[in-house]
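Chain by chain, the residues:
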Amino acid sequence: MLKLLKFEYRRLFRRISLYVCLGIVAVPVLYVFYLIGTVYFDENDVSRMSMFQILQQMISIANLNTLIVVFTSIFGCEDKARGTVKTIYSLGYSRYKIFFAKFAASATAAAMMYAVVLIFGLICGLLFAETSYQDVSSEGILGRMEYAEEPNLVVYIIQQFMIIMGVHAFYYMIAELIQKTGVSIVLGIFAPGIVSSIYGVITFIMCNISEGNSELVEKLGEAYSTFLMYWLPTTMSSVVGLFGGMVKIDYVISIIVNIGYVMLFGGLGMLITCKKQIK
Amino acid sequence: MEEFALRTFGLTKKFGGKMVLNNVSMNIRKGDIYGFIGPNGAGKTTAMKIILDLLKPTSGEVELFGSMRTSGSLSRVGSLIESPGLYTGCSAIENMKRFSIICGGTDKDILFYLRMVGLEGVGNKKVGAFSLGMKQRLGIAIALLGDPELLILDEPVNGLDPMGMRDVRDIIQFINKERGVTFFISSHLLGELEKIANVYGVINCGMLMEEITSAELDRRCGFSVRVRCEQQDKALQLLKENFGVENAQAEGEFLNIPADPAVSSKINEVLVTSGIPVHELTINKMSYEDYLLSRMGTLNVGNGVGQYA
């Protein structure tokens, strides 16, 4: 297992595309850093941005979703494209170990991209943000949020990291299934949205059918809203929770849901790898 | 001690409804250079992929080094299947270093194998700029990493010039002789296999037609005397009466007589003294190629494809 990990991490860290992606992440983040520090920063301004708001801005501008789907597809499909898959799979290592090593290396790349955003965001926040007390009690982490109240910062950071890991697991599963870089990228970008749309159409049709039953229609609508809140493309949004009526526990639920996505899509990816025949 | 490096029992593979391999049972002894011959599409690569666990057989078993195939036994096997899998954005040395992590081998081994395949001068060159022959050599070098006991090579001389082909043959013979490594080599170029293999497996349409040692093949590929003469019917009768030759055949102007070369002068004497003019007499030996073609029906003979009804 260690040999496989060493092999994949060597492959990862010698990829120029990794550093290109990290650079692409850093550029807009540094631009926002510059803007916050020069244009918007005023020491005497009592309503200046909070650390949470700065991190939100950085994550939004970084376009992590697109970069992760592109890099994961390239990395995940490379061995099939180059033919090196024949050598790797014929050495006697078990398929699930091969999958785990590749998955871990690819996830590390996604984590590194997030880390770039986080590091610059935290530095920017430490320099320019309004400091705020972080309530780490259970009420502070799980309690009800008032309008415009912010979640616990650590919970938020973990939540965003788990969203990254959840979408990465989905994109890696797609790459293992399709094994063609271009198609994997396209499917990775559009598939989550297509799933949401299909669910939306089904909900619309069922609501129309159940027009007389207002309770059922309301439940269908709530189910769809809940699905949208936690399904892959929407969980990338960092504005969830800023509007009235949300609770801090939503962030914790989001963490749990994304752990579930990692296990679900990671498990499916492993199954695909174990069953794959190298034609 | 295991007698066989590789055995298969009833290997069968279907893709959809199409039977690609049909009940293939082969036996490769340790130390052999086993030439796996068959035309394009015969099932050679499919058989190799099943042995290497790249494909699952529909039925059948694979035995490696005396026991059913396990991850441990596969780690003793090196392979090169179809075109070599290489990271084209990296140098030859970087490719070798990566694979040495999972295959085994030290930096010293890397340089040794690169030198062996004639790539020591281009170790730092990006593989994307390599010719087909250079990539093939690098693929062989990677297959040698970790000192495997069995090497499975699918068309290893593909894309190589005659000098390259000779170099690969020399490498195979050297490693087989010095280290006792068993080779399982597929090719449609019988001329190349003939020079190194000591056992042949002949496959066609997914079926293993025959396994035969080179000694047995030699015995079966006998001599014949070819005569161009008149009065062929009378000549055939005389040959039967004087030499007991029952299976001489007329082929156009010629009579093809399976016989030892030593009696060729006697044949000539008998025919001439019986009043049959002999215009031409030659001694032929059936080639391996002719024999194997007769077992197969279709074979790629070097640059062209020989098609037989």
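Rules of the game
Residues numbered from 1 in each chain as written. Chains lettered and ligands numbered in written order. Predicted model: local features only at pLDDT ≥ 70, side-chain atom pairs only at ≥ 80, totals over all residues. Heavy atoms only, no water. Helix = DSSP H or I, 4+ residues; strand = E, 2+ residues; numbered from the N terminus. Contact = heavy atoms within 4.5 Å. Areas by Shrake-Rupley, 256 points an atom, 1.4 Å probe, with all protein chains shown as cover. Core = buried A, V, L, I, M, F, W, Y, C linked by side-chain atoms within 4.5 Å. Buried < 20%, exposed > 50% of the residue type's maximum accessible area, 1.4 Å probe, protein only. Buried area = accessible area lost by both parts, 1.4 Å probe. Salt bridge = Lys/Arg side-chain N within 4 Å of Asp/Glu carboxyl O. Pairing = 2+ DSSP bridges. Axes fitted to C-alpha atoms, helices over the stretch in contact; angles between N-to-C directions. Domains from an automatic or database assignment. Expected span 1.5 Å × (residues − 1). Parallel < 35°, antiparallel > 145°, perpendicular 65-115°, else oblique. Left-handed = near helix turned anticlockwise from the far one by under 90°. Nonpolar A, V, L, I, M, F, W, Y, C, P; charged D, E, K, R; others polar. Disulfide = S-S within 2.5 Å.

A. Structural view of the overall build of chain A. Looking only at helices and strands, chain A has 12 helices and zero strands in total. The contacts of chain A with a sequence gap of at least 6 include a subset with a gap of at least 24, amounting to 85%. A total accessible area of about 13500 Å² is found for chain A, and carbon and sulfur atoms account for 69% of it.

B. Region of the structure containing the nonpolar core. If you look at the biggest cluster of nonpolar residues, it comprises 93 residues, and the most contacted ones within it are Leu138 and Phe184 of chain B. Dropping the residues within four chain positions of it, Leu138 of chain B is found in contact with Leu86, Ala92, Asn95, Met96, Leu114, Leu119, Val127 and Phe130 of chain B.

C. Looking closely at the interface of chain B and chain A. With 27 residues of chain B in contact, the opposing surface of chain A contributes 25 residues. For the chain B face of the interface with chain A, the top three residues by lost area are Leu54, Ile101 and Ile102 of chain B, together amounting to 29%. Across the pair Glu94 of chain B and Arg10 of chain A runs a salt bridge, and its minimum N-O distance is 2.8 Å. Put simply, the parts of the chain that give the side of chain B that touches chain A at least two residues each are β1 (4-15), α2 (71-74) and α3 (92-103) of chain B.

D. Local environment of the sheet that holds strand β7 (residues 77-80) of chain B. All names here are of chain B. Spatially, β7-β8-β9-β4-β10-β11 is the arrangement adopted by the six strands of the open sheet, whose pairing is mixed. With partners counted over all chains shown, the strands left at the sheet margins are β7 and β11 (207-213), one partner each. Along the sheet, successive strands turn relative to each other by an average axial angle of 15°, direction set aside. Here strand β10 (residues 199-204) pairs with β11 via six bridges, running antiparallel. Across the sheet, the residue bridging to Ile203 is Leu208, located in β11. On the sheet, helix α1 (residues 44-51) packs against β4 (33-37), β8 (150-154), β9 (182-187) and β10 and is oriented at approximately 145° with respect to β9.

E. Representation of the domain arrangement of chain B. Assigned domains of chain B: these are domain 1 (4-214) and domain 2 (222-285). Measuring from the centre of the C-alpha atoms in domain 1 of chain B to the corresponding centre in domain 2 of chain B gives 46 Å.

F. Broad picture of helix α6 (residues 162-179) of chain B. All names here are of chain B. The terminal C-alpha atoms of α6 lie 25 Å apart, and with 18 residues this matches the ideal 26 Å at 1.5 Å per residue to within 8%. Looking at the buried side of α6, the elements it contacts are β4, α4 (107-116), α5 (132-144), β8, β9 and α7 (190-194). Positioned one or two residues after α6, Gly180 has a phi angle of 70°, which is positive.

G. Expanded view of the packing of α3 of chain B against α5 of chain B. Residue and element names in this part refer to chain B. As a packed pair, α3 and α5 sit with axes 10 Å apart at the nearest point and diverge in direction by 25°. The angle between α3 and α5 falls in the class roughly parallel. Seen along the crossing, α3 lies across α5 with a hand that is right-handed. In this structure, α3 contributes Ala92, Asn95, Met96 and Phe99 to the contact, and α5 contributes Leu138, Ala141 and Ile142. By residue class, the composition of the contact of α3 with α5 is six nonpolar, one polar and no charged.

H. Expanded view of the packing of helix α1 (residues 2-13) of chain A against helix α6 (residues 95-128) of chain A. Residues and elements named next belong to chain A. In the contact formed by α1 and α6, the axes pass within 9 Å of each other and the chain directions differ by 35°. Taken as a pair, α1 and α6 cross one another with a handedness that is right-handed. Side by side, α1 and α6 meet where Leu4, Leu5, Glu8, Tyr9, Arg11, Leu12 and Phe13 of the first sit next to Lys97, Ile98, Ala101, Lys102, Ala104, Ala105, Thr108, Ala109 and Met112 of the second. Taken together, the residues that form the contact of α1 with α6 break down as 11 nonpolar, one polar and four charged.

I. Quick look at the sheet that holds strand β13 (residues 249-251) of chain B. Residues and elements named next belong to chain B. One open sheet accounts for four strands, arranged β13-β14-β12-β15; its pairing is antiparallel. Single-partner strands in this sheet number two, and they are β13 and β15 (278-285). On average, each strand axis in the sheet is tilted by 25° relative to the strand beside it, whichever way the strands run. In this structure, strand β12 (residues 223-229) lies alongside β15, joined through seven bridges in antiparallel fashion. Each bridged residue has a counterpart across the sheet, and for Arg226 the counterpart in β15 is Thr282. Contacting β12, β13 and β14 (254-258), helix α9 (residues 232-243) crosses the sheet at an angle of about 15° to β14. Of the strands in this sheet, β12, β14 and β15 are in contact with helix α10 (residues 264-273), which crosses β15 at around 155°.

J. Structural context of the pattern of salt bridges. Applying the stated criterion across every chain yields a total of 22 salt bridges over all chains. Close ionic contact of Arg14 of chain A with Glu94 of chain B constitutes a salt bridge, the shortest N to O distance being 3.0 Å. Taken together, the residues Arg14 of chain A in the loop between α1 and α2 (16-39) and Glu94 of chain B in helix α3 connect one chain to another. With relative accessibility at 48%, the residue Arg14 of chain A sits in the partly exposed group. The buried category is assigned to Glu94 of chain B, whose relative accessible area is 8%. Ionic contacts of the salt-bridge type, sharing partners, join the residues Glu8, Arg11, Arg15, Glu78, Asp79 and Lys102 of chain A into one network.

K. Looking closely at the state of the cysteines. All names here are of chain A. Counted under the stated rule, the structure contains zero disulfides over all chains. Its sulfur unpaired, Cys77 is 14 Å from the next cysteine sulfur, which belongs to Cys21. The exposure class of Cys77 is buried, given its relative accessible area of 1%. Take Cys274: it sits in no disulfide, and the sulfur closest to it among the cysteines is that of Cys77, at 18 Å. In this structure Cys274 comes out as partly exposed when scored by relative accessible area, which is 30%.

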